[in-house]
Amino acid sequence: MAGMDAITIRPARPADAGAIARLDVDTWRTTYAGVLSTDYLVGLSPRRREIGWRMAIQRDPLDIRVAVDGADAVRGFGSCGPSRSERRFPGEVFTLYVAPDWQDRGIGRRLLTALFRRLTATGLDAAIVWVLRDNPARFFYERLGGRMVSHRRIPVGGRMVEALAYGWPDLPAYLAAMRSEDRGPS
Ligand SMILES: CC(C)(COP(=O)(O)OP(=O)(O)OC[C@H]1O[C@@H](n2cnc3c(N)ncnc32)[C@H](O)[C@@H]1OP(=O)(O)O)[C@@H](O)C(=O)NCCC(=O)NCCS
């Protein structure tokens, strides 16, 4: 694994669609086992998702970022764009997944930062993320400064599940604070 650990974050390419779809389906299955119905999880189709991801990448590759290792294998990805829900938060992070073996190394944070930068670059200065209440990933968003701003029940795989929204009301301020944190104490 030496040398393979160096992770780069870059915009997605159409050729990444298959790897993104596999990671997408794998993460759903591991994250939501016991939360969503087994039938629904088993029925998820990487092939169908690949088509969707390829279309999304072709529409706007800059809205989808991948974390690749030294061999250009996709180890994480995230997507963002104009919000589908809250008016107070015009930007939204739609998905953010890091492969289980690659979690807890700062990749999620780097992906989220890249998506926040993308949102501000397109004039969307506040962001929201929806996450299922039973998903422990929500503590990641709390750790990264998100504040719970909304909740609602949503249909997923034929079941109603509770979803929570985390918000960042001022992305430029958040990113600036993060940059000064990166520089360390002076
Ligand atoms: C949530 C997820 C994206 C985080 O990515 P990651 O690369 O493991 O996270 P990072 O290593 O960048 O963690 C950044 C910080 O958050 C903390 N953190 C990460 N996951 C956490 C969790 N589940 N609970 C609490 N803290 C968490 C880390 O400890 C780290 O803290 P630090 O600043 O003290 O070092 C990743 O675990 C994942 O893909 N999970 C499953 C998929 C999922 O449910 N995604 C969200 C649905 S939209």
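For the structure, check the block above.
The rules behind these values
- Residues numbered from 1 in each chain as written.
- Predicted model: local features only at pLDDT ≥ 70, side-chain atom pairs only at ≥ 80, totals over all residues.
- Helix = DSSP H or I, 4+ residues; strand = E, 2+ residues; numbered from the N terminus.
- Expected span 1.5 Å × (residues − 1).
- Buried ≥ 20, exposed ≤ 12 C-beta atoms within 10 Å, placed from the backbone.
- Near = placed C-beta within 6 Å.
- Nonpolar A, V, L, I, M, F, W, Y, C, P; charged D, E, K, R; others polar.
- Pairing = 2+ DSSP bridges.
- Right-handed = clockwise from strand over helix to strand, strands pointing away.

**Student:** Honestly, helix α4 (residues 107-121) in this entry has me stumped. Any pointers?
**Tutor:** Helix length check: α4 (15 residues) gives 21 Å between terminal C-alpha atoms against 21 Å at 1.5 Å per residue, within 8%. Among the residues of α4, those classed as buried are I107, G108, L111, L112, L115, F116, R118 and L119. Two residues or fewer after α4 comes G123, characterised by a positive phi angle close to 85°.

**Student:** Explain the site of the ligand to me, please; I cannot follow it from the model alone.
**Tutor:** Around the ligand, the structure places 20 residues, and the nearest of them are Q103, G108, R109, A137 and F139. Elements with a minimum of two residues in the shell around the ligand: α1 (17-32), β4 (91-98), α4 and α5 (138-143). With 4 residues, β4 is the single largest residue contributor to the shell around the ligand. For the shell around the ligand, the class distribution of residues is 9 nonpolar, 7 polar and 4 charged.

**Student:** Explain the pairing of strand β2 (residues 64-68) to me, please; I cannot follow it from the model alone.
**Tutor:** Walk down a regular strand and you will see the side chains alternate between the two sheet faces. Most of β2 is tucked away: 4 of the 5 residues are buried. Across 4 bridges, strand β1 (residues 8-11) lies against β2 in antiparallel orientation. Note that in β2 the partner of R10 across the bridge is V66. The pairing of β2 with strand β3 (residues 74-82) spans 5 bridges and is classified as antiparallel. Bridged to V66 within β3 is F77.

**Student:** Can you walk me through unusual backbone geometry in this structure?
**Tutor:** Positive phi values are uncommon outside glycine, yet D72 reaches one of about 65°. Along the chain, the position of D72 falls in the loop between β2 and β3. By the C-beta count within 10 Å, which is 13 here, D72 ends up partly exposed. Its identity is not glycine, yet D104 carries a phi of approximately 65°, on the positive side. Along the chain, the position of D104 falls in the loop between β4 and α4.

**Student:** Would you take a moment to explain the pairing of strand β5 (residues 127-132) for this structure?
**Tutor:** Of all 6 residues in β5, 5 are buried, a share of seventy percent or more. Of the pairings in the sheet, the one linking β4 to β5 comprises 3 bridges and is parallel in character. Within β5, the residue paired with V93 across the bridge is V129. Following the backbone out of β4, through α4 and into the adjacent parallel β5, one traces a crossover that is right-handed. Bridging between β5 and strand β7 (residues 159-168) involves 6 bridges; their strand directions are antiparallel. Bridged to V131 within β7 is L164.

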